[in-house]
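Analysis of the macromolecular model
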Amino acid sequence: MMTTLPTTAQLTERARTALERCGASGFDAPAPTGQSARTPITGEPLFDIAYSTSAETGQAIGTAHETFRTVWRDTPAPQRGNLVRRLGELLREHKDDLADLVTIEAGKIRSEAAGEVQEMIDICDFAVGLSRQLYGRTMPSERPGHRLMETWHPLGVVGIITAFNFPVAVWSWNTAVALVCGDTIVWKPSELSPLTALACHGLLMRACEDVGAPAGVHQVVLGDRETGERIVDDPRVALVSATGSVGMGKQVGPRVAARMGRCLLELGGNNAAVVAPSADLDLAVRGTVFAAAGTAGQRCTTLRRIIVHEDIADQLTDRIVGAYGQLRPRIGDPFDADTLVGPLIGERAHTALRGALDRVAADGGRVLTGGDRCLEKEAPDAYYVEPAVVRMPSQTEIVCEETFAPILYVLTYRTLDEAIELHNGVTQGLSSAIFTQDQREAERFLAASDCGIVNVNIGTSGAEIGGAFGGEKDTGGGRESGSDAWRAYMRRATNTVNYSDELPLAQGVNFL
Ligand code: NAD
């Protein structure tokens, strides 16, 4: 709160420089009212941004489809990897530019923005290696003189729909892997983060030029939900990879299924950490504060619930509240190296936070710290808030919802069974953690948590790209990034090859 915010004019210039350096085009185009790129730092518009028309989106899908059919699927995978290798080099070169844009558009503090770009670089490295490791298996055939095997083939056009809060990393997880798998891409970024998308597109187009790959492998279309729906309904899009709220996924999933398309859903979370009596409380406090208040509570993996043993509940809560006190003077300009908490993305997020805190009061909860708006006079259109810690008597309806803002609910438990019951008692299933030094407890939790990500002695946020990322239940079931997540971007064929001069039928069937 001690920082002076930059002006919108300064931010516009900084964004323009970064965009130009990345070779972006299409920003500052004449556009109807409301179609603009804004910054949550001041809450004001930076550039006019024209949304793609339905015809333009259709054309983009057509180009990606044609490039897939005629060139990309037949390009050897290691050669496709070469494009991603070049993209990784350009991302290294332009790390600061992209991080600037992420801070300007999503409001992330500079080190988190740079971390997000680092994730892009890491996934490019991973995908380059992958381009020589798209392995299929060979199985023993039950028939003599036969070979049974599976092979993996490019899928087609991948429609990528992304959320505002990871405006570039989620694109890169999908794109780097999809490109080496032989797919082409149509990307619709969040309407709240078009600039970062134009910059990424600019860099990828440069990589295409440098390695002689066809520019048609990647298309970016700008717009809101309607543009997303155009992609969702197009039968030429083989896979829709959609990241965003549960509500969005519930609309997208059935629509893609209705045309028998494939869907990869990465939706909201309601992540919890269990803190057991044996926990190292120093670790638990640090892990909690970063996971709950970092990114102003706007990560899908943000820690939203802490389920603490009743014997240590007061002690832990006091320490967390104390640590939140140190955050208070460090809320503000995300470019300032001292800032730890930047702005919320906008008014809607602030309204959601206030609404949730009203419901907390009605449910008998107690706000221990935070929840107030700050810097209102300096930036009336921006929404900076003090991260909140709330003690709840039980896991009421509001606790079961994902409020995309920094509210940490504290719940208590008596037995581990009770903690696990509370933990799994929400509809989302993304990330989870236990803080304990008891190996039995840790192992029980690893098996019992119903989330896609289950951690021990580390917070719920900040996953590495090497593992598969995603969650269960309302989180959508999709997996992206590392491990074998690449399989979602390819189709599997099972092949039987007969190299004998007999034709034995499977299962010993006799016929003619
Ligand atoms: P959002 O659901 O409002 O929008 C996400 C994207 O979907 C945007 O591009 C939007 O234009 C598009 N969209 C919305 N409705 C659509 C529809 N019916 N058809 C097609 N496209 C549609 O989400 P947001 O506010 O940008 O992001 C925050 C949410 O995203 C949170 O719930 C967060 O947990 C989630 N998220 C999940 C992950 C993950 O990997 N699981 C990662 C980041 C964010």
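Residues numbered from 1 in each chain as written. Predicted model: local features only at pLDDT ≥ 70, side-chain atom pairs only at ≥ 80, totals over all residues.

1. Regarding the overall build of the chain
Scanning the chain from N- to C-terminus turns up 15 helices and 23 strands. Compactness check: the chain gives a C-alpha radius of gyration of 24 Å against a globular reference of 24 Å for 512 residues, within 12% of the reference. Its C-alpha atoms give the chain principal-axis dimensions of roughly 80 × 60 × 40 Å. For the chain, contacts bridging at least 24 residues in sequence account for 72% of all contacts bridging at least 6. (Helix = DSSP H or I, 4+ residues; strand = E, 2+ residues; numbered from the N terminus. Rg over C-alpha atoms; globule rule 2.2 N^0.38 Å. Contact = placed C-beta atoms within 7 Å.)

2. Describing the sheet that holds strand E6 (residues 184-188)
Taken in spatial order, the 5 strands make up an open sheet running E7-E6-E5-E8-E9, and their pairing is parallel. Of all strands in the sheet, those bounded by a partner on one side alone are strand E7 (218-220) and strand E9 (262-266). Each adjacent strand pair in this sheet contributes to an overall mean axis angle of 15°, direction not counted. Bridge count for E6 against E7 is 3 bridges, and the pairing is parallel. If you follow valine 186 over to E7, its bridge partner there is glutamine 219. On the sheet, helix H9 (residues 246-258) packs against strand E8 (237-243) and E9 and is oriented at approximately 170° with respect to E9. (Pairing = 2+ DSSP bridges. Axes fitted to C-alpha atoms, helices over the stretch in contact; angles between N-to-C directions.)

3. Quick look at the site of the ligand
Around the ligand, 30 residues are found, and the nearest of them are Ala163, Gly228, Gly244, Gly268 and Cys300. Of all the secondary structure elements, the ones that give two or more residues to the shell around the ligand are helix H8 (225-232) and H9. Top contributing element to the shell around the ligand by residue count: H8, with 4 residues. (Near = placed C-beta within 6 Å.)

4. Overview of the packing of helix H3 (residues 77-93) against helix H5 (residues 110-130)
Axes are the key here: two packed helices are described by the angle between their axes and the distance separating the axes. Packing of H3 against H5 leaves a shortest axis separation of 9 Å and a crossing angle of 155°. In terms of axis orientation, H3 runs roughly antiparallel to H5. Regarding H3 and H5, the two cross each other, and that crossing is left-handed. Judged by residue contacts, Gly81, Val84, Arg85, Leu87, Gly88, Leu91 and Arg92 of H3 engage Val117, Met120, Ile121, Cys124, Asp125, Ala127 and Val128 from H5. Across the contact of H3 with H5, the residue classes break down as 9 nonpolar, 2 polar and 3 charged. (Parallel < 35°, antiparallel > 145°, perpendicular 65-115°, else oblique. Left-handed = near helix turned anticlockwise from the far one by under 90°. Nonpolar A, V, L, I, M, F, W, Y, C, P; charged D, E, K, R; others polar.)

5. A word on the sheet that holds strand E19 (residues 453-456)
Strand order in this open sheet of 7 strands is E12-E15-E16-E11-E10-E18-E19, and the pairing throughout is mixed. Looking at the sheet topology across the chains shown, the edges are occupied by strand E12 (366-369) and E19. Looking at each pair of strands side by side, their axes are set apart by 25° on average, direction ignored. Pairing analysis gives 5 bridges linking strand E11 (residues 303-309) to strand E16 (residues 407-413), with the strands arranged parallel. Bridging from a neighbouring strand, histidine 309 pairs with tyrosine 413 of E16.

6. Describing helix H14 (residues 416-424)
By the burial criterion, the buried members of H14 are Leu416, Ala419, Ile420 and His423. Along H14, the residues classed as buried sweep out an arc of 95° about the axis, all on the same side. If you follow the buried residues of H14, they end up packed against strand E10 (271-275), E11, E16, strand E18 (431-435) and helix H15 (439-448). (Buried ≥ 20, exposed ≤ 12 C-beta atoms within 10 Å, placed from the backbone. Arc of directions from axis to C-beta.)

7. So, the environment of alanine 447
Here alanine 447 shows up in helix H15. Overall, alanine 447 belongs to the exposed group, with 9 C-beta atoms counted inside 10 Å. Sequence separation between alanine 447 and valine 157 is 290 residues; the distance between their C-alpha atoms is 36 Å.

8. Quick look at the UniProt feature "active site" (unreviewed entry) in the chain
According to UniProt, the "active site" (unreviewed entry) feature falls on Glu266. Position of glutamate 266 among the secondary structure elements: in strand E9. Apart from the residues lying within four places of it in its own chain, the contact partners of glutamate 266 are Thr243, Gly470, Gly476, Gly478 and Glu480. (UniProt positions renumbered as here; feature names shortened; annotations may be inferred.)

9. What to know about the pairing of strand E2 (residues 45-48)
Here strand E1 (residues 36-38) pairs with E2 via 3 bridges, running antiparallel. Looking across to E2, one finds that alanine 37 is bridged to phenylalanine 47. Counting the residues between successive antiparallel strands, the hairpin from E1 to E2 contains 6 residues, one of them, glycine 43, with a positive phi of roughly 80°.

10. With respect to the packing of H3 against helix H7 (residues 194-211)
Where H3 meets H7, the closest approach of the two axes is 9 Å, and the angle between their N-to-C directions is 130°. Taken together, the axis directions place H3 and H7 in an arrangement best described as oblique. Crossing hand, H3 versus H7: right-handed. Here Asn82, Leu83, Arg86, Leu87, Leu90 and Leu91 of H3 lie close against H7, whose contacting residues are Leu203, Leu204, Arg206, Ala207, Cys208, Asp210 and Val211. Tallied by class, residues from the contact of H3 with H7 come to 9 nonpolar, 1 polar and 3 charged.

11. Comments concerning the environment of valine 221
Summarising the element assignment, valine 221 is placed in the loop between E7 and H8. The spacing of valine 221 and leucine 198 is 23 residues in sequence and 9.4 Å in space, taken between C-alpha atoms. Excluding anything up to four places from it in sequence, valine 221 contacts Ser52, Glu56, Thr57, Ala60, Val186, Lys188 and Thr227.

12. A word on unusual backbone geometry
At methionine 260, a position not held by glycine, the phi torsion is positive, near 60°. Within the secondary structure, methionine 260 sits in the loop between H9 and E9. Residue methionine 260 is classed as exposed on the basis of its 7 C-beta neighbours within 10 Å. A positive phi angle, close to 55°, is found at asparagine 457, a residue other than glycine. Here asparagine 457 falls in the partly exposed class, since 16 other C-beta atoms lie within 10 Å of it.

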